[in-house]
Amino acid sequence: MRRFKDLDRFEVLCWVFTLAAILFLAGPVAGLLLSVDPDFFAHDARDPEIWRSLKITVFSGFASSMLGLVTGLPLAWVLSTSSVRVRNTIEPLIEIPILLPPVIAGICLVSFLSEKSIVGGIFSRLGIEFISSVWGIVAGMYFVGVPFIVKTSLSAFQEIDHRIIRTARLLGAGSARAFFTIVLPHSSRAILTGFILMLGRSIGIFGTVVMIAYEPKTVPVLVYHRFVSMGIEAAKTPAVLLIGLSLLFFAMRRLTVRGS
Amino acid sequence: MLRVRNMSVLVDSFRLEVDGLEIDPGCYFILMGPSGAGKSLFCECLSGFRPAGGGVIVLYGKNIGRLRPEERGVSLVHQEPCLFRNYDVFGNVAYGLRCRGISEKAIERSVGGILEKLGISALRGRKVDELSGGERQRVALARAVVVKPSLLILDEPLNALDFKTRQDMMEQLRRLKGEFDHVTMHVCHDLDEALRLGDRIGIISRGRLLQTGSPREISYRPRSLMAAELLGVSNLFPVSKAVGDIVVLEDRFNLRYAGETVKNPAYCCIHPELIDLGGTRRAEAAYEARIIGIRELGKMLEITLDAGIRLTVRIFDTRTRQFSEGERVVFGIPEHAVHLME
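Throughout, a residue's number is its position along its own chain's written sequence, starting from 1. The naming scheme follows written order: chains are lettered A onward, ligands numbered 1 onward. Residues qualify for local features only when their pLDDT is at least 70, as the model is predicted, and side-chain atom pairs are given and counted only at 80 or more; totals for whole chains, interfaces and linings, by contrast, use all residues. As a convention, hydrogens and water are excluded, and side-chain values are obtained from all of the structure's heavy atoms.

1. Details of the overall build of chain B
How we decide: Numbering of helices and strands starts at the N terminus; helices are DSSP runs of H or I of at least 4 residues and strands are runs of E of at least 2. For every residue, the accessible area (1.4 Å probe, protein chains only) is compared with the maximum for its type, and the residue is labelled buried under 20%, exposed over 50%, or partly exposed between those bounds. Here a residue-residue contact requires only that any non-hydrogen atoms of the pair lie within 4.5 Å. Accessible surface is estimated by sampling points in the Shrake-Rupley manner with a 1.4 Å probe; for residues, cover comes only from the protein chains shown. The charge count includes Lys and Arg as positive and Asp and Glu as negative, but it does not include His or the ends of the chains. Charge positions are represented by NZ for Lys, CZ for Arg, CG for Asp and CD for Glu.
Secondary structure summary: chain B contains 8 helices and 22 strands in total. Every one of the 342 residues in chain B was classed for burial, and the buried ones make up 50%. Here the analysis covers contacts within chain B between residues at least 6 apart in sequence; of these, 65% occur between residues at least 24 apart. Accessible surface, chain B: about 16,200 Å² in total, of which carbon and sulfur atoms supply 45%. Separation between the mean location of the 48 positive side-chain charges and that of the 45 negative ones in chain B comes to 3 Å.

And the structure:
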């Protein structure tokens, strides 16, 4: 470990900026946690509305992430085995949800899934409504979160030596068997990381979800609702619970990274 | 047996053309060629990962050209063992048998047998990450052989191994050779490896199969300059002209040659180990030269002569006579030491 006096000027400057960035990243969260009145938090945390929104958030987050796995893994596999031309055509599409402002993504989803649209109409006939429903929340979370699963899985699939898969094929495994018995186990950690990243991203998304489903309220929507109608103190309790949930996912992600 | 006809594959601007290749059942065939010659592409075509470009690939009477990789009866061992990290040694070797739906009892018997044969029974429960390079390659070989393929492709399997492990592995490959009746295609760069293992050798360069033949035929009678260069043939000279029994090399050395007639010879190689230096053998023709270099290569002596052309001579029995640089010597070139190429 180098001592502070051994650092040159540039390294000292780097450290100054590093500490400033850390302060700016961790400071607001720490500030919020420290400003919470424990008695008020204990009383407010018993509000059924908070627990209802927490349940909806967690359920929708898991549902959208599972959907992300089911659809994102085949997509990543197709991309990893396709020609460069096909990959270059499809890959930018996956980045659309990352680049779009969340509110705009919400507007896009509303017009794509509302009862009056073709897709929304088909679902509506099957009894699935997206506007102001859990389905809408799941759709919003899926839209913004699925790129995380696709991106992490894609890079894991690309890292697998294609000769390993070829060996499995020549030993008698069809493409499906080779995928499930060789490709998935070889990239399981990356897939798990992608799943946790998507889950973390999904439960925290506000802009997209609020456009498609203000009700039932997810935790971020509830935080916003309480903030504009009851003030910042009332918004702090669900906010702290969401931070706790996010930290849990963050810890899970660190564990998977360390394991690899 | 393996038969390949009319294979013509174009990848970017590289074309691989193989026609009329026939390998007998149980034959250990060595495919030699420089990097970029098309060896790997040929293996890809044989194993079904690339269309054979309208060609016909017949393996033991079955046209496998249009079959999926898993239906071909081809096993492949790469330079890297490419073991499955999510299985232990037993799981790796059993993988192909499980794909075939064979009972666990039969799998146990077959895997146990092949592990025993390759001397790796003690590794059966080990994780593949814990194995040494040689052990990994043996597991890969066991995995490929246990499914009893019709064609076993070994794609430079000894390249990543150290000398000792390489020798052991070669010994094991030689032993396996006699026990299975599949065709083996062993891709390599190394002539020593090729000569030790191969029943037949094929030379491939720039996408074309230049020559196939027995190890002796290939090493003493390369058919083209390209094949000779690839085999590292020493004493390779352009023929300036050939009149009667005189062949003029590089415009300045008159080689007396009364052997087999070759129409329009373009190149001549004189095998260095067959040159008679020191008078131990009776030579058909005698020449004079000066020794300009002596190199000891283990038990062998490599002497460079200036005889108008620069000739390399290899002597295995170094006790008979001592040589020194600058010494003038007489040497003979027996007829069988000379090979003329069109």
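2. Some points on the interface of chain A and chain B
Where the parts come together, the accessible area they lose is often given as the size of the interface. Our working rule: Buried area is understood as the total, over both parts, of accessible area removed when two parts are fitted together, assessed with a 1.4 Å probe. When a carboxyl oxygen of Asp or Glu is within 4 Å of a side-chain nitrogen of Lys or Arg, the pair counts as a salt bridge. Residues are grouped as follows: Ala, Val, Leu, Ile, Met, Phe, Trp, Tyr, Cys and Pro are nonpolar; Asp, Glu, Lys and Arg are charged; all remaining types, including Gly, are polar.
Contact residues are listed per partner, giving 19 residues for chain A and 24 residues for chain B. Looking at the side of chain A facing chain B, the largest losses of area belong to Arg166, Leu170 and Leu171 of chain A, adding up to 39% of the total buried there. Scanning the region where chain A abuts chain B turns up 2 salt bridges. When residues of the side of chain A that touches chain B are traced back to their parent elements, those giving at least two are helix H9 (162-170) and helix H10 (175-186) of chain A. Per-class residue counts for the side of chain A that touches chain B are 8 nonpolar, 6 polar and 5 charged.

3. Observations concerning the side chain of serine 133 of chain A
Residues and elements named next belong to chain A. Inclusion rule: Whenever a nitrogen or oxygen atom comes within 3.5 Å of another N or O atom, the pair is scored as a polar contact, on the condition that within protein one atom can donate a hydrogen and the other can accept it, and that pairs from neighbouring residues in sequence are kept only if both atoms are in side chains.
Within the fold, serine 133 resides in the loop between helix H7 (118-125) and helix H8 (134-159). By relative accessible area, which is 13% here, serine 133 ends up buried. A polar side-chain atom of serine 133 sits 2.5 Å from the main-chain carbonyl oxygen of glutamate 129. Once residues within four sequence positions are removed from consideration, serine 133 is found in contact with Ala213, Glu215 and Pro216.

4. Focus on the packing of H10 of chain A against helix H2 (residues 89-99) of chain B
What counts, and what does not: Inter-axis angles, ranging from 0 to 180 degrees, are taken between N-to-C directions of lines fitted to C-alpha atoms, where helices are fitted over the stretch in contact. By definition in this entry, angles of less than 35 degrees are roughly parallel, angles greater than 145 are roughly antiparallel, angles of 65 to 115 are roughly perpendicular, and the rest are oblique. By definition, turning the near helix anticlockwise from the far helix through less than a right angle yields a left-handed crossing, and turning it clockwise yields a right-handed one.
Their axes nearest at 13 Å, the elements H10 of chain A and H2 of chain B cross at an angle of 155 degrees. Taken together, the axes of H10 of chain A and H2 of chain B are roughly antiparallel relative to one another. Viewed along their axes, H10 of chain A and H2 of chain B form a crossing whose handedness is right-handed. Listed contacts from H2 of chain B to Arg177, Ala178, Thr181 and Ile182 of chain A of H10 of chain A are Tyr95, Arg98 and Cys99 of chain B.

5. Looking at the pairing of strand S6 (residues 56-59) of chain B
All names here are of chain B. Selection rule: Here, a strand pair is defined by DSSP locating no fewer than two bridges between the strands.
The pairing of strand S1 (residues 2-5) with S6 spans 4 bridges and is antiparallel. Counterpart to leucine 2 in the pairing with S6 is leucine 59. Linking S6 to strand S7 (residues 62-63), which pair antiparallel, is a turn of 2 residues; within it tyrosine 60 sits at a positive phi near 45 degrees.

6. Details of the layout of surface pockets
Residues and elements named next belong to chain A. What counts here: The way it works is a 1 Å grid over only the protein atoms, where trapped points that fit a 1.4 Å probe form a cavity and open points with protein on both sides within 12 Å along at least five of seven lines form a pocket, and then any residue with an atom within 4 Å of a point lines it. Grid points are joined across faces, edges and corners, and a volume is the space filled by probe spheres set on the points.
By volume, the largest pocket amounts to about 480 Å³. What lines the largest pocket is a set of 20 residues, and nearest its centre among them are Leu109, Ala139, Tyr142, Phe143 and Val146. Secondary structure elements with two or more residues in the lining of the largest pocket: helix H3 (48-81), helix H4 (84-94), helix H6 (102-113) and H8. Here the lining of the largest pocket is composed, by residue class, of 19 nonpolar, 1 polar and no charged.

7. A look at empty space enclosed by the protein
Going through the model one piece at a time under the given rule, you end up with 2 cavities of 30 Å³ or more. Lining the largest cavity we find Gly26, Cys27, Tyr28, Val145, Leu152, Leu173, Leu176, Lys177, Phe180, His182 and Thr184 of chain B. The element best represented in the lining of the largest cavity is helix H5 (residues 163-177) of chain B, accounting for 3 residues. Residues belonging to the lining of the largest cavity are distributed by class as follows: 7 nonpolar, 3 polar and 1 charged. Considering only enclosed or pocket space, the second largest cavity measures out at about 40 Å³ in volume. What lines the second largest cavity is simply Thr167, Leu170 and Leu171 of chain A together with Ser75, Leu76, Ala140, Arg143 and Ala144 of chain B. Broken down by secondary-structure element, the contributors of at least two residues to the lining of the second largest cavity are H9 of chain A together with strand S8 (74-77) and helix H4 (133-145) of chain B. Sort the elements by how many residues they give to the lining of the second largest cavity and H4 of chain B lands first, with 3 residues. Taken together, the residues of the lining of the second largest cavity sort by class into 5 nonpolar, 2 polar and 1 charged.

8. Topic: the domain arrangement of chain B
Let me state the cut-off plainly: Segment limits for the domains were obtained from an automatic or database-derived domain assignment.
For chain B, the assigned domains read domain 1 (2-221) and domain 2 (236-341). Summarising the inter-unit geometry, the C-alpha centres of domain 1 of chain B and domain 2 of chain B are found 39 Å apart.

9. A look at unusual backbone geometry
Residues glutamate 215 of chain A and proline 216 of chain A are joined by a peptide bond in cis, for which omega reads -15 degrees. If you trace the backbone, proline 216 of chain A turns up in the loop between helix H12 (207-212) and helix H13 (219-230). Positive phi, normally seen in glycine, also occurs at aspartate 251 of chain B, with a value near 65 degrees.

10. Observations regarding helix H1 (residues 39-47) of chain B
Residues and elements named next belong to chain B. Most of H1 sits out of view: 8 of its 9 residues are buried. Of the positions making up H1, those classed as buried are Lys39, Leu41, Phe42, Cys43, Glu44, Cys45, Leu46 and Ser47. Phi turns positive, to about 90 degrees, at glycine 48, one or two residues after H1.

11. Looking at H3 of chain A
Residues and elements named next belong to chain A. Definition in use: For a helix, the expected span equals 1.5 Å multiplied by the residue count minus one. The angle between axes fitted to the seven residues ending at a residue and the seven residues starting there is what we call the bend at that residue.
Its 34 residues place the ends of H3 49 Å apart at the C-alpha level, agreeing with the 50 Å of an ideal helix rising 1.5 Å per residue. The sharpest bend along H3 comes to roughly 30 degrees, located at glycine 72, with the proline proline 74 sitting one to four residues further on. Measuring from the backbone nitrogen of glutamate 49 back to the side-chain oxygen at the start of H3 gives 2.9 Å, which picks out aspartate 47 as the cap.

12. So, the packing of aromatic side chains
Applied cut-off: Pairs were defined over the aromatic rings of Phe, Tyr and Trp, the Trp ring being its six-membered one, requiring ring centres within 6.5 Å. Orientation was assigned from the angle between planes: stacked under 30 degrees, edge-to-face over 60, tilted for the rest.
Applying the stated criterion to the full structure yields 12 aromatic pairs over all chains. Ring geometry for phenylalanine 157 of chain A against phenylalanine 179 of chain A: centres 6.0 Å apart, planes inclined by 70 degrees, an arrangement best described as edge-to-face. Of this pair, phenylalanine 157 of chain A sits in helix H8 while phenylalanine 179 of chain A sits in helix H10; the two residues are 22 residues apart in sequence, bridging distant segments of the chain. Owing to a relative accessible area of 3%, phenylalanine 157 of chain A belongs among the buried residues under this scheme. Arranged with centres 5.1 Å apart and planes meeting at 35 degrees, the rings of phenylalanine 253 of chain B and tyrosine 287 of chain B form a pair that is tilted.

13. Regarding the environment of glutamate 342 of chain B
Residue and element names in this part refer to chain B. Mapped onto the elements of the fold, glutamate 342 is located in the segment after strand S22 (338-341). Judged by relative accessible area, which is 65%, glutamate 342 ranks as exposed. When the C-alpha positions of glutamate 342 and cysteine 268 are compared, they lie 8.9 Å apart, and in sequence the two are 74 residues distant. Dropping the residues within four chain positions of it, glutamate 342 is found in contact with Val262, Lys263, Asn264, Pro265 and Ala266.

14. Observations regarding the pattern of salt bridges
If charged atoms from side chains of opposite charge come close, those side chains can pair. All names here are of chain B. This model, assessed by the stated rule, comprises 26 salt bridges over all chains. Residue glutamate 17 pairs with arginine 208 through a salt bridge whose shortest N-O separation is 2.9 Å. Of this pair, glutamate 17 sits in strand S3 (residues 14-18) while arginine 208 sits in strand S12 (residues 208-213); the two residues are 191 residues apart in sequence, bridging distant segments of the chain. For glutamate 44, the salt bridge identified is with arginine 50, shortest N-O distance 2.8 Å. Taking the relative accessible area as the measure of exposure, arginine 50 reaches 29% and is therefore partly exposed.

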